[in-house]
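# Descriptive analysis of the structure
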Amino acid sequence: MTLNRRDFLKISGAGAASTLVAGCASHSAGPAAATANPKVVVVGAGFGGATCAKYLRMWGPNIEVTLIEPNDKFVSCPLSNWVLGGIKTMDDITQSYDNLPKHGIKMVKDWVVVIDTKSRIVQTKGGAAFSYDRLVLAPGVEIRTDFVKGYKEAEAAGKVVHAWKGGPQTALLRKQLESMPDGGVFVMSVPTAPYRCPPGPYERACLVASYFKKAKPKSKIILLDGNPDVASKPALFKGAWKELYAGMIDYRPNNAPYAVNGDTMTVSTEFDDVKGDVLNVVPKQRAGEICEMAGVRNDSDGTWCAVNLLTFESTTVPNVHVLGDSVLSNLPKSGHMATNHAKVCASAIVELFAGRKPDPIPVVANTCYSAVSDNSAGYVANVFRFEAGKGYVTQPDGGATSKGEEINFVYAEAWALNIWSDMLS
Ligand SMILES: Cc1cc2nc3c(=O)[nH]c(=O)nc-3n(C[C@H](O)[C@H](O)[C@H](O)COP(=O)(O)OP(=O)(O)OC[C@H]3O[C@@H](n4cnc5c(N)ncnc54)[C@H](O)[C@@H]3O)c2cc1C
């Protein structure tokens, strides 16, 4: 079902009389003169960018929307662990962008390499330039391979991958797992929080273990976690490791890798040098590179982007909005949440161009399924309501499962099909 803007605003509480929160309202959160034939450039056609571009056109048919993305097709991170577990193929998680132009979105296949926020111009590697009234940045995360000594060399030699962006590294890692001998060791790591998809690494450990159990039962997984404990759904994952994969997963908390050696196939932490046959080290992360270019990677250590959470406009650079994983907030870094950022932002931009105030009390939600085997999954689901002076407050009715169930495995796939359709159909 497609939500029209009136339905969305009803759900998200628009229309309630309220003034904007001091300290949260930024440059353009208040009413102003309407903008005729406004132009929005959206950078990145992942969960946040594609959804925002589509809903901008649906809710603001007078807005000219240009969406810039280098990839031919969308490859989903959600369900990419299912590819590693041999449950899905790369084709299953690859979706076309062909429907987006049907909404009147101008799609440009290119990289953004220059952003001039004073002149409001974006330039691409291919040499094209686009002016904007408002710019939306949804570039996902930059993986800090520079934080792990030897990573770049080992990655270039195909000896280590993160596979934390859906695409060629997902396919390569699956191939390496298939080629690994029975009795081999798979070493993977979890970055220190905050990072993209907190349950993702633990789901990955479960699905690789599920594959090993069937195809290479003598094999082992060493899971090096930079965090002091399982960072998401601990009961679900620890229960699965004990009940389904006893003796197969060696979980080591507080073990962030600081070096990788592709020649000796070794990962080093402050406690140990760990040898493996397949190395999957996921380094720490920060907001995508273009956020630095636009001057919006503006938190105290230049890692994430602080935004006005009613409009997703940068707190420091006017007319630049940031969505998805790049945003600094208490909300989870998930695809589901990126699509919710996108709808709140699209609605706010439509209001601002019309000279009206954006919705003062939006509501966003997150649902995240994690498979723990090839036929069972658990979930976490939460609703967050914006409250003046507090930001997004978790509502009481959310929850998480502590055990994998078959019905949630079915729902997990349905969730993915629905969200891909919402973004891209
Ligand atoms: C293994 C794994 C499992 C996951 N499972 C789930 C799940 O079950 N549920 C869930 O909700 N989330 C899940 N996630 C998290 C989810 O994938 C991310 O939170 C989501 O992709 C964030 O959306 P985004 O729009 O911020 O970034 P992305 O979806 O990564 O999109 C960013 C886009 O920007 C483009 N881009 C970057 N720089 C430029 C540039 N300079 N010029 C032009 N384009 C650019 C990129 O090519 C990319 O297409 C998972 C993640 C992983 C790694």
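Below, the structure is looked at part by part. Quick caveat, the model's predicted, so the values are computed rather than measured.

## Section: the overall build of the protein
- Each helix and strand in the protein was counted, giving ten helices and 26 strands.
- For a compact globule of 425 residues, the expected C-alpha radius of gyration is about 22 Å, and the protein comes in at 22 Å, within 12% of that figure.
- Considering only C-alpha atoms, the protein reaches an extent of 70 × 45 × 40 Å along its principal axes.
- Considering the protein as a whole, with its 425 residues, one finds that 55% of them fall into the buried category.
- A fraction of 68% describes how many contacts in the protein between residues 6 or more apart in sequence connect residues 24 or more apart.

## Structural notes on the packing of aromatic side chains
- For the coordinates displayed, the defined rule picks out ten aromatic pairs.
- Here Phe-386 and Tyr-392 contribute two aromatic rings whose centre-to-centre distance is 5.4 Å and whose plane-to-plane angle is 80 degrees, an arrangement assigned as edge-to-face. For the pair shown, Phe-386 and Tyr-392 are each scored as buried.
- Through pairs of rings, three or more aromatic residues link up here, namely Tyr-202, Phe-237, Trp-241 and Tyr-251.
- Above the ring of Phe-353, the side-chain terminus of Arg-134 is found at 5.9 Å from the ring centroid.

## Quick word on the sheet that holds strand E12 (residues 185-190)
- Taken in spatial order, the five strands line up as E11-E18-E12-E13-E14 in an open sheet, and their pairing is parallel. For this open sheet the edge positions go to strand E11 (160-161) and strand E14 (249-252), each flanked by a neighbour on one side alone.
- Bridging between E12 and strand E18 (residues 278-280) involves three bridges; their strand directions are parallel. Pairing of Met-188 across the sheet is with Asn-280, part of E18.
- Across the sheet, helix H6 (residues 200-215) touches E12, strand E13 (220-225), E14 and E18, and the angle it forms with E13 is around 175 degrees.

## Quick look at the state of the cysteines
- Evaluated as defined, the whole model comprises zero disulfides.
- Looking at Cys-305, it has no disulfide partner, and the nearest cysteine sulfur is the one in Cys-291, 3.7 Å off.
- For Cys-305, a relative accessible area of 0% translates into the label buried.
- Counting only cysteine sulfurs, Cys-52 is the nearest neighbor of Cys-345, a cysteine outside any disulfide, at a range of 4.3 Å.

## Some points on H6
- The end-to-end C-alpha distance of H6 is 22 Å, a good match for the 22 Å that 16 residues give at a rise of 1.5 Å each.
- Burial runs high along H6: 13 of the 16 residues are buried.

## A few points about the packing of helix H9 (residues 335-353) against helix H10 (residues 406-424)
- Viewed as axis vectors pointing N to C, H9 and H10 meet at an angle of 30 degrees, and their least axial separation amounts to 11 Å. Classed by the angle they form, the pair H9 and H10 counts as roughly parallel. Relative to H10, H9 is oriented so that their crossing is left-handed. On the side of H9, the interface is formed by Gly-335, His-336, Thr-339 and Lys-343, while H10 contributes Trp-415, Ile-419, Asp-422 and Met-423.
- Along the lines of polarity and charge, the residues of the contact of H9 with H10 split into three nonpolar, three polar and two charged.

## As for the pattern of salt bridges
- A complete count under the given rule lists 17 salt bridges for this structure.
- Between Asp-325 and Arg-196 there is a salt bridge, and its shortest N-O distance comes to 2.5 Å. Linking Asp-325 in the loop between strand E22 (320-322) and H9 with Arg-196 in the loop between E12 and H6, this pair joins segments that are 129 residues apart in sequence.
- Relative accessible area serves as the criterion here: at 7%, Asp-325 is assigned to the buried category.
- Because the salt bridges share partners, they merge into one network encompassing Glu-142, Arg-286, Glu-292 and Arg-297.

## Regarding the pairing of strand E25 (residues 391-394)
- With four bridges joining them, strand E24 (residues 377-387) and E25 adopt antiparallel strand pairing. Bridging across to E25, Glu-387 finds its partner in Gly-391.
- Hairpin connection from E24 to E25: three residues lie between these consecutive antiparallel strands, with Gly-389 at a positive phi of about 80 degrees.

## Some remarks on the sheet that holds strand E16 (residues 266-268)
- Pairing in this open sheet of three strands is antiparallel, and the strands run E15-E16-E17 from one edge to the other. Edge positions in the sheet fall to strand E15 (259-261) and strand E17 (273-275), since each of these pairs with one other strand and no more. Mean inter-strand twist for the sheet, computed between neighbouring axes without regard to direction, equals 20 degrees.
- Bridge count for E15 against E16 is three bridges, and the pairing is antiparallel. What sits directly across from Val-260, in E16, is Val-267.

## A closer look at the nonpolar core
- Counting 109 residues, the largest nonpolar core has Leu-56 and Trp-241 as its most contacted members.
- In terms of residue count, the dominant contributor to this core is H9 (nine residues).
- When residues no more than four places from it in sequence are discounted, the contact partners of Leu-56 are Val-40, Val-42, Pro-61, Ile-63, Val-65, Ala-346, Ile-349 and Val-350.

## A short note on the side chain of Lys-333
- Inspection of the secondary structure puts Lys-333 in the loop between E22 and H9.
- For the buried residue Lys-333, which engages in no salt bridge, the nearest side chain bearing the opposite charge is Asp-325, 6.0 Å off.
- From its side chain, Lys-333 meets the backbone oxygen of Val-327 in a polar contact 2.8 Å long.
- Excluding anything up to four places from it in sequence, Lys-333 contacts Pro-194, Tyr-195, Arg-196, Cys-197, Pro-198, Trp-304, Asp-325 and Val-327.

## Overview of unusual backbone geometry
- Cis geometry marks the peptide bond from Ala-193 to Pro-194, where omega comes out at 0 degrees.
- Within the secondary structure, Pro-194 is located in the loop between E12 and H6.
- Of note, Leu-79 is a non-glycine position whose phi angle comes to about 80 degrees, a positive value.
- Looking at the secondary structure, you find Leu-79 in the loop between strand E3 (73-75) and helix H3 (80-84).
- Here Arg-120, not a glycine, exhibits a phi torsion of approximately 60 degrees, which is positive.
- Within the secondary structure, Arg-120 is located in the loop between strand E6 (112-116) and strand E7 (121-124).

Cut-offs used in this document
- Residues numbered from 1 in each chain as written.
- Predicted model: local features only at pLDDT ≥ 70, side-chain atom pairs only at ≥ 80, totals over all residues.
- Heavy atoms only, no water.
- Helix = DSSP H or I, 4+ residues; strand = E, 2+ residues; numbered from the N terminus.
- Rg over C-alpha atoms; globule rule 2.2 N^0.38 Å.
- Buried < 20%, exposed > 50% of the residue type's maximum accessible area, 1.4 Å probe, protein only.
- Contact = heavy atoms within 4.5 Å.
- Phe/Tyr/Trp six-rings, centres within 6.5 Å; stacked < 30°, edge-to-face > 60°.
- Lys NZ or Arg CZ within 6 Å of the ring centre and 35° of its normal.
- Pairing = 2+ DSSP bridges.
- Axes fitted to C-alpha atoms, helices over the stretch in contact; angles between N-to-C directions.
- Disulfide = S-S within 2.5 Å.
- Expected span 1.5 Å × (residues − 1).
- Parallel < 35°, antiparallel > 145°, perpendicular 65-115°, else oblique.
- Left-handed = near helix turned anticlockwise from the far one by under 90°.
- Nonpolar A, V, L, I, M, F, W, Y, C, P; charged D, E, K, R; others polar.
- Salt bridge = Lys/Arg side-chain N within 4 Å of Asp/Glu carboxyl O.
- Core = buried A, V, L, I, M, F, W, Y, C linked by side-chain atoms within 4.5 Å.
- Lys, Arg positive; Asp, Glu negative; His and termini not counted.
- Polar contact = N/O pair within 3.5 Å; in protein donor to acceptor, adjacent residues only side chain to side chain.

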